[in-house]
Amino acid sequence: MKIIMLGAPGAGKGTQAIKIAEKYGIPHVSTGDIFRANIKGNTPLGMEAKKYMDEGKLVPDELTVRILLDRVSKDDCSKGYVLDGFPRTIVQADVLKEELTKLGDAIDYAINVDVPDENIVKRMSGRRACVNCGATYHIEHIPPKKEGICDNCGSELILRDDDKPETVQKRLDVYHEQTQPLIDYYEKDGVLKTVDGTKPMEEVFKAITDILG
Ligand code: AP5
Ligand code: MG
């Protein structure tokens, strides 16, 4: 099962992707998490990506595509995966399609988690993220059991550098300009499914599992 999560920054792609990965036993592949792990480890890739991420811009396609294709070629991805934050441009979607076509394969579902911009800025300021395992919390809606500590792995939770209100607005602008066209792209491919992402987390997940079966 090969799934793409689409949606604005803060729509809940990561939150739902982790639950999908767990239920269906497939890896959760987040380009944002890969970049953040590299920033934390001070790798050359991390330093390159940080320049763009801190400004709310997209990391260049060439670099992002290379990282993603490398990740999905690993053994654990052979039975499928859930992609979170990739593709984000038509170029990225085209490369992914070409690579899958070569393997006689295709994306099964593109799940669009729909949340209007007004709700997004509010959500972001309350988000806390685990840099170690990528788990995401919200101080009001989805709090961790122990404040500041990840339920999953016990690591410290942080406020992301790109969650400042000015940067969130920039990320939303970039989303509307470069990523939203993918909704039509996957609609045309006949794999688009839209869920209402303003509902509580468990209701959104139920809507997704009703689709995936
Ligand atoms: P990335 O890490 O992908 O960030 P994003 O798309 O901006 O999305 P977020 O992770 O901010 O939001 P999300 O939809 O995962 O929401 P979450 O589940 O956390 O990318 C970061 C940067 O990396 C990009 O800006 C770019 O620079 C670069 N990058 C990454 N991929 C790239 C690519 N392919 N090409 C180029 N550049 C790339 O939820 C948000 C909050 O809401 C949380 O606090 C959560 O607890 C809460 N929440 C979730 N669901 C609900 C609910 N139903 N009700 C209430 N609260 C909820
Ligand atoms: Mg995310």
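Residues numbered from 1 in each chain as written. Chains lettered and ligands numbered in written order. Predicted model: local features only at pLDDT ≥ 70, side-chain atom pairs only at ≥ 80, totals over all residues. Heavy atoms only, no water.

Asker: Quick rundown of the site of ligand 1? Include the residues and the values.
Answerer: Around ligand 1 sit 37 residues in total, of which T15, K57, R88, R127 and R171 are the nearest. In this structure, G14 approaches ligand 1 through a main-chain N or O atom, which is 2.9 Å from an oxygen atom. V59 is positioned with one of its backbone polar atoms (N or O) 3.0 Å from a nitrogen atom of ligand 1. Out of a free accessible area of 1000 Å², ligand 1 has 97% covered by protein chains. Within the residue set of the shell around ligand 1, elements represented by two or more residues are helix 1 (13-24), helix 2 (31-40), helix 6 (117-125), strand 6 (136-138) and helix 9 (201-212). Ranked by residue count, the leading element in the shell around ligand 1 is helix 2, at 4 residues. (Near = heavy atom within 4 Å. Polar contact = N/O pair within 3.5 Å; in protein donor to acceptor, adjacent residues only side chain to side chain. Areas by Shrake-Rupley, 256 points an atom, 1.4 Å probe, with all protein chains shown as cover. Helix = DSSP H or I, 4+ residues; strand = E, 2+ residues; numbered from the N terminus.)

Asker: An account of the sheet that holds strand 8 (residues 192-196) is needed here, citing residue identities and associated values.
Answerer: Within the open sheet, the 5 strands sit side by side as 2-3-1-4-8. Their pairing is parallel. Lying at the two open borders of the sheet, with one neighbouring strand each, are strand 2 (28-30) and strand 8. On average, each strand axis in the sheet is inclined to that of its neighbour by 25°, with strand direction left out of account. Bridge analysis of strand 1 (residues 2-6) against strand 3 (residues 81-84) gives 4 bridges, and the strand direction is parallel. Bridging from a neighbouring strand, K2 pairs with Y81 of strand 3. Running at roughly 155° to strand 8, helix 9 makes contact with strand 1, strand 4 (109-114) and strand 8 of the sheet. (Pairing = 2+ DSSP bridges. Axes fitted to C-alpha atoms, helices over the stretch in contact; angles between N-to-C directions. Contact = heavy atoms within 4.5 Å.)

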